[in-house]
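Overview (structure and organization)
What follows is the residue order along each chain.
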Amino acid sequence: MIECDICKDWFHGSCVQVEEHHAVDIDVYHCPNCDVKHGPSLMKRRNNCHRHDYTEPDDGTQPVQAGTSKFVKELQNRTFPSAEDILIRMKGEQVTTRFLERHGFNYPIAVTEMEGLGLKLPPSTFSIRDVEQYVGGDKVIDVIDVARQADSKMKLGAFVKYFTNPHRPKVLNLISLEFSDTKMAELVEVPIVAQKMSWVENYWPDDSFFPKPFVQKYCLMGVKDSYTDFHIDFGGTSVWYHVLWGEKIFYLIEPTSTNLALYEAWSSSPNQSEVFFGDKVEKCYKCVVSQGTTLLIPTGWIHGVLTSQDCMAFGGNFLHNLNIGMQLRCYEMERRLKTPDLFKFPYFEAICWYVAKNLLEMLKELREDNCPPPTYLVDGVKALISALKTWLKREPTSEVPDHIRPNHLIKELTKEIRYLEEEPGSGNRPVKTQGCGASSGTNGCPATRSALERFCQARRARRAARRLREQQQAPKVPTNLDILEQHTREVLKRLEVGPLEEVSKNALFYVDWIRNSCLFFVILKSHSEENCVFVVFNMFLERFSDDGQILRKFKEAIQGMLSMAGLLCTSKPERPASTPESWWSNSSQCARQGGGGTMDSQGNSSSEAWDNQGFPSPEAGYQYGDPSMSPPLHPSKRHAPNPPPISNQATKGKRPKKGMATAKQRLGKILKLNRHSHVFV
């Protein structure tokens, strides 16, 4: 919003046609009502062309800052070593996972012959107006005011109008339009090598509590002289760029230990914008990427980008197994630099836990096949173990997935690494070459296929076979007793305790088990085999009948679950508890009558009403209410739609609080039982 300097009223920028990036140029603002009498708004006076604050006096004492018009002119006149010294030029069909695993992915790759790369893009005639048509002009985007190196928000339609205007008062750059959730996503397919290597594509589970990160499809639109200062892509991700039309110039710096240390010091310095980082390192390479060229940049490479012509490019980021150590190093650097979550890889720690779980399976399979794992994988797992241990010691640990036992996983991974190091004669020592090629030879590892590729192919085949079996076979509807047994086993496994007799020694764990079981049956509300729920009640009462405190905890647990399911009876029933109408049916009936309060007709609280009703027994007959008459579920308990894709712009630093993931995911899994969905309104 913007305040009128005359009447002191506040206005939405969109209501008075003032864009966010325009507001910073206004010195005295007059609203539409006041400018009739006092004239138009007064703009700031431009005193220099080399400072982010162009109102500073140009006395010749202040250094040039990055992104300003003077900086861009000086940058274009400078000379740099050619990127041909470090660039690997390949055909699209040559860029494969097997090649990268064998030779490593440590230097940038340029591809001009696209055949075989698997990259699908719109034609070169695709315009910025076409982007607006597919994405929508009302989409709010983040743009960079290049001369100030500052972010601002505007609608895509307004940016298109700016881009197509031959008179541009300032240089705006759009580099963060992630379009996986738009119609334009159908026009773009990422390179095959990025799909096959991507952690998100290979290891992110479909039933994850955390939203799946979508960072593989970006559209970058920049006008001439746009500049992005030196940076490392979030989470140390590798990146692919393809210039559809126009031209970009990349200034590339190798991520050596020295250069990374210099970069961290430069990023945290107060005069960062006044120092060109390329001058602080031994070599900064210039790489011109022209129309139709694809550039793949490996993990950790420091780079700045200049748009030498109006340009549209597509790109994407991906994490992978080849440089796990460098990815973790970049992530920890981001933490030390206190990088805002807006500019970090979404749920980076969560995906590392998923990857660790899958790499454990891979190492076990390779050991069973007597096939030595590649060195890059062993080194990556070691780095991952160290990082996971560090994260567990740090609070909060909110990104540990619910179904993963972190300490057990770390222990098993450490055991596999120790086995490789302590059994030199077993044939399972890691091979020195990247991948299992002919040179790695003998231990049952085919020369035509890498270990990772074989594992991923087998994993995909098992998934496909399982889906095929599920489609061919009619689903078997389990009985309530089967469901109770399965659910109880899952709860006990989560608690990592022994048999039921051992659980009974710990009343709190027992209450937790009862709570989960009762929640399951409250939501189920089945018409068959009702007495099985009383097995749960009786088992508890027999063990703790003499302990009033534990019984109260049990009642509170059941009461809370009934309330969650909308079945809590908040008033006394008209019939006494001893009548055939069951306590269970009374609770359901009272809930259907709109009971949302906490007092009964005589002023007793709901807990007192519960106490007066007592516990049900199998001998006392009961009936369930008509499912069609059940109260509607609260919105928080209805089937949740598929969450929208989450990109690094969408996280905004909102992380689940500690413990929240477990409870929500447990309830979500229960509510996803489609075979019982008919009982809900």
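The structure this text deals with has already been given above.
In this report, the structure presented in the accompanying data block is examined. (Residues numbered from 1 in each chain as written. Predicted model: local features only at pLDDT ≥ 70, side-chain atom pairs only at ≥ 80, totals over all residues. Heavy atoms only, no water.)

**Topic: the overall build of the protein chain**
We apply this condition: Numbering goes from the N terminus for both helices and strands, where a helix is a DSSP run of H or I of at least four residues and a strand is a run of E of at least two. Here a residue-residue contact requires only that any non-hydrogen atoms of the pair lie within 4.5 Å. The protein chains shown are the only cover counted for residues, whose accessible areas, like all others here, come from Shrake-Rupley with a 1.4 Å probe.
Helix and strand content of the protein chain: 22 helices and 15 strands. For the protein chain, contacts bridging at least 24 residues in sequence account for 76% of all contacts bridging at least 6. As displayed, the protein chain offers around 33400 Å² of accessible surface, 50% of which is attributable to carbon and sulfur atoms.

**Side note on the pairing of strand β9 (residues 172-178)**
Working note: regular strand, side chains alternate between the two faces of the sheet. For clarity, the threshold we go by: Burial classification: accessible surface area is computed with a 1.4 Å probe over protein chains only, and a residue below 20% of its type maximum counts as buried, one above 50% as exposed, and the rest as partly exposed. Each pair of strands is called paired provided DSSP finds at least two bridges between the two strands.
Counting buried positions over the seven residues of β9 gives six, a clear majority of the element. Relative to β9, strand β7 (residues 140-145) runs antiparallel, the two being bridged by two bridges. Across the sheet, the residue bridging to Ile144 is Asn173, located in β9. Alignment of β9 against strand β10 (residues 218-222), held across four bridges, turns out to be antiparallel. Bridging from a neighbouring strand, Asn173 pairs with Gly222 of β10.

**Notes on the environment of Val188**
Within the element layout of this structure, Val188 appears in the loop between β9 and α7 (192-197). Using a relative accessible area of 1% as the deciding quantity, one classes Val188 as buried. Along the sequence, Val188 and Phe314 sit 126 residues apart, while their C-alpha atoms lie 8.7 Å from each other. With residues near it in sequence (within four places) discarded, Val188 still touches Lys120, Leu121, Pro122, Phe179, Lys217, Trp240 and Phe314.

**Here we look at the layout of surface pockets**
What counts is decided by this rule: A pocket, in this scheme, is an open set of points on a 1 Å grid over the protein atoms alone with protein on both sides within 12 Å along at least 5 of 7 lines, while a cavity is a set where a 1.4 Å probe fits but cannot get out; residues line either one if an atom lies within 4 Å of a point. Grid points are joined across faces, edges and corners, and a volume is the space filled by probe spheres set on the points. Three classes are used, and their members are as follows: Ala, Val, Leu, Ile, Met, Phe, Trp, Tyr, Cys and Pro are nonpolar, Asp, Glu, Lys and Arg are charged, and the others, Gly among them, are polar.
Computed from the structure, the second largest pocket encloses a volume of approximately 1400 Å³. Along its surface, the second largest pocket is lined by 45 residues, and Ile175, Thr228, Asp229, His231 and Phe343 are the ones closest to its centre. Class assignment for the residues of the lining of the second largest pocket results in 23 nonpolar, 16 polar and six charged.

**Structural notes on unusual backbone geometry**
Positive phi, close to 55 degrees, is recorded for Gln17, a residue that is not glycine. Mapped onto the elements, Gln17 comes out in the loop between β2 (10-11) and α1 (20-23). Even without a glycine there, the phi angle at Lys338 is positive, about 55 degrees. By relative accessible area, which is 71% here, Lys338 ends up exposed.

**Looking at the nonpolar core**
Quick note on the threshold: To form a nonpolar core, buried Ala, Val, Leu, Ile, Met, Phe, Trp, Tyr and Cys residues must be joined to one another through side-chain atoms within 4.5 Å.
Grouped together as the largest cluster of nonpolar side chains are 105 residues, with contacts concentrated most on Val131, Phe159, Met221, Met312 and Phe314. Counting residues per element, this core draws most heavily on helix α11 (residues 348-368), which supplies 13 residues. Leaving out residues up to four positions away in the same chain, Phe159 has contacts with Ile128, Ile141, Val143, Met154, Leu172, Leu174 and Met221. In this structure, Ala66, Phe80, Phe230 and Cys330 belong to the second largest nonpolar core, which totals 24 residues.

**Comments concerning the packing of aromatic side chains**
What counts here: Ring geometry is summarised as follows: Phe, Tyr and Trp rings, the Trp one being its six-membered ring, pair when their centres sit within 6.5 Å, and such pairs are stacked at plane angles under 30 degrees, edge-to-face over 60 and tilted between the two.
Following the criterion strictly, the structure yields 24 aromatic pairs and no others. Residues Tyr331 and Phe348 carry aromatic rings whose centres are separated by 4.3 Å and whose planes lie at 15 degrees to one another, so their mutual orientation is stacked. Linking Tyr331 in helix α10 (residues 324-336) with Phe348 in helix α11, this pair joins segments that are 17 residues apart in sequence. The exposure class of Tyr331 is buried, given its relative accessible area of 6%. Exposure remark for Phe348: the relative accessible area of 1% places this residue in the buried category. Connected via pairs of aromatic rings, a cluster forms that spans Phe71, Phe80, Tyr227, Phe230, Tyr251, Tyr263, Trp266, Phe276 and Phe277.

**What about the packing of helix α9 (residues 257-267) against α10?**
To keep it simple, the criterion reads: For helices, the fitted line uses only the C-alpha atoms of the stretch in contact; every axis is such a line through C-alpha atoms, and the angle between N-to-C directions lies from 0 to 180 degrees. Roughly parallel means an angle under 35 degrees; roughly antiparallel means over 145; roughly perpendicular covers 65 to 115; every other angle is labelled oblique. Each crossing gets its handedness from the near helix: less than a right angle anticlockwise from the far helix is left-handed, clockwise is right-handed.
The interhelical angle for the contact between α9 and α10, taken along N-to-C directions, is 20 degrees, at an axis separation of 11 Å. When the axis of α9 is compared with that of α10, the two are roughly parallel. Handedness of the α9/α10 crossing: right-handed. Taken together, the residues of α10 that come into contact with α9 (itself represented by Ser257, Leu260, Tyr263 and Glu264) are Met326, Arg329, Met333 and Arg336. Tallied by class, the residues present in the contact of α9 with α10 amount to four nonpolar, one polar and three charged.

**Quick notes on the pattern of salt bridges**
Note the threshold: We count a salt bridge whenever a side-chain nitrogen from Lys or Arg sits within 4 Å of a carboxyl oxygen from Asp or Glu.
Under the criterion given, the structure shown has 18 salt bridges. The salt bridge involving Arg51 is made with Glu56; its shortest N-O contact spans 3.1 Å. The buried category is assigned to Arg51, whose relative accessible area is 9%. On the accessibility criterion, Glu56 (23% relative accessible area) is partly exposed. Taking the shortest distance from any N to any O, the salt bridge between Asp145 and Arg148 comes out at 3.0 Å. Residue classification places Arg148 among the partly exposed positions, given a relative accessible area of 23%. Each of Asp25, Asp145, Arg148 and Lys170 takes part in salt bridges that share partners, so that together they form one network.

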